[in-house]
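Architecture and fold: a report
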Amino acid sequence: MDSYTVLYGVIGDPIRHSKSPVMLNRAFREAGINGAYAAFHVTPDTLGEAIAGIRALDFRGLNVTIPHKIEVMKYLDDIHPGAKAAGAVNTIVNEGGRLIGYNTDGIGYVRSLKEEAEPSLAGRRIVVLGAGGASRGILWALAQENPAKLMLANRTEEKARELAGAFASEFEIEPVAWTDLREACGSADVVINTTSVGMSPNADATPIDPSWLKPGAVASDLIYNPLKTKFVRDAEAGGCRGHGGLGMFIYQGAYAFEYWTGQAAPVGVMREAVMASFT
Ligand code: NAP
């Protein structure tokens, strides 16, 4: 670091578990960029001051994680349409003092799904399990890929109906009752778990019976702790193609890197850095 080092970071509460500094600093080094990325523990009562600090210190970029992704929007100068649709911001770009909010979670997930499991989503039948914070941005990003059908199921069914309704003017999402999932999953090309079921320490749980998926379908999970969930493992054992959540994390960071620097992200070394930090 020297007097020209450009500053970046991630804010959240909690934050010490974050793999983003390891991943992004490795990316800057690999790309030969004089940048530095740190993690900042920002509580909800100091969020406004933290964003004012970003402006004052002229940070080029910031990632925003739980619980600030929605609240941070009111401190920004502009919000990208994709982030508006997702209802949340996870990446801020400082364009000469104007703070612009983006959401790279949903598009990061879809890039990972296409690069690691299913190159084309056009014409596919897709079932999304879960209607929480992550689901919203993913639905928007999936809809941009022109699937034949996008179905959404949530344990609390009202939330799935509400979320489908919120997108009704832009694209069609069919709400599916949790009890009708066997049939919906049996006819799907891709089934995506966006619920927290199966996450460590409850790694023996699955959101649905993986044997409901047809052989050859993609079983995808946002969870990356464990790296391969029981849902993905059991579906693979039944002839499905598995896809885990680590790629989503890598690619949301890759998009942020690309927005900040205008350069292609060195995805391979970013993945290596994150994997090494698990051991
Ligand atoms: P969230 O807003 O809290 O939503 C949780 C979802 O899980 C809700 O749909 C909830 O349904 C459902 N759920 C919880 N317990 C359930 C159960 N026992 N049976 C059925 N459904 C259940 O969480 P989120 O922020 O969307 O995150 C969801 C998951 O995605 C987490 O595991 C998180 O780690 C993962 N994630 C991964 C990445 C990545 O980079 N790979 C990024 C973001 C999130 P109800 O509405 O009925 O409660």
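The preceding data block contains the structure.
So, a few notes on the structure that sits alongside this text. In this text, all values refer to a predicted model and were calculated from it rather than measured experimentally. (Residues numbered from 1 in each chain as written. Predicted model: local features only at pLDDT ≥ 70, side-chain atom pairs only at ≥ 80, totals over all residues. Heavy atoms only, no water.)

Next up on the list: the pairing of strand β10 (residues 190–193). Residues V190 and I192 of β10 are buried on one face, and the alternating residues V191 and N193, pointing to the opposite face, are buried as well. Pairing between strand β7 (residues 125–129) and β10: four bridges, direction parallel. The residue bridging I126 from the neighbouring strand is V190, located in β10. Pairing geometry for β10 and strand β11 (residues 218–221), over four bridges, is parallel. (Buried < 20%, exposed > 50% of the residue type's maximum accessible area, 1.4 Å probe, protein only. Helix = DSSP H or I, 4+ residues; strand = E, 2+ residues; numbered from the N terminus. Pairing = 2+ DSSP bridges.)

Attention now moves to the environment of E236. Tracing the chain through its elements places E236 in helix α8 (residues 230–237). Take E236: its relative accessible area is 29%, and that puts it in the partly exposed class. Distance in space between the C-alpha atoms of E236 and A219 is 7.7 Å, their sequence separation being 17 residues. If we skip the residues at most four places from it in the chain, E236 touches K228, R241 and G242. (Contact = heavy atoms within 4.5 Å.)

With that settled, consider unusual backbone geometry. When glycine is set aside, most residues are seen to have a negative phi, and most peptide bonds are trans. Of note, the bond from I66 into P67 is cis; its omega dihedral lies within 30 degrees of zero at 10°. As for its position among the elements, P67 is in the loop between β3 (61–64) and β4 (78–79). Omega for the bond connecting S200 with P201 falls within 30 degrees of zero, at 10°, which places this linkage in the cis form. Turning to its location among the elements, P201 is positioned in the loop between β10 and β11. The backbone of D58 shows a phi angle near 60°, a positive value even though the residue is not glycine.

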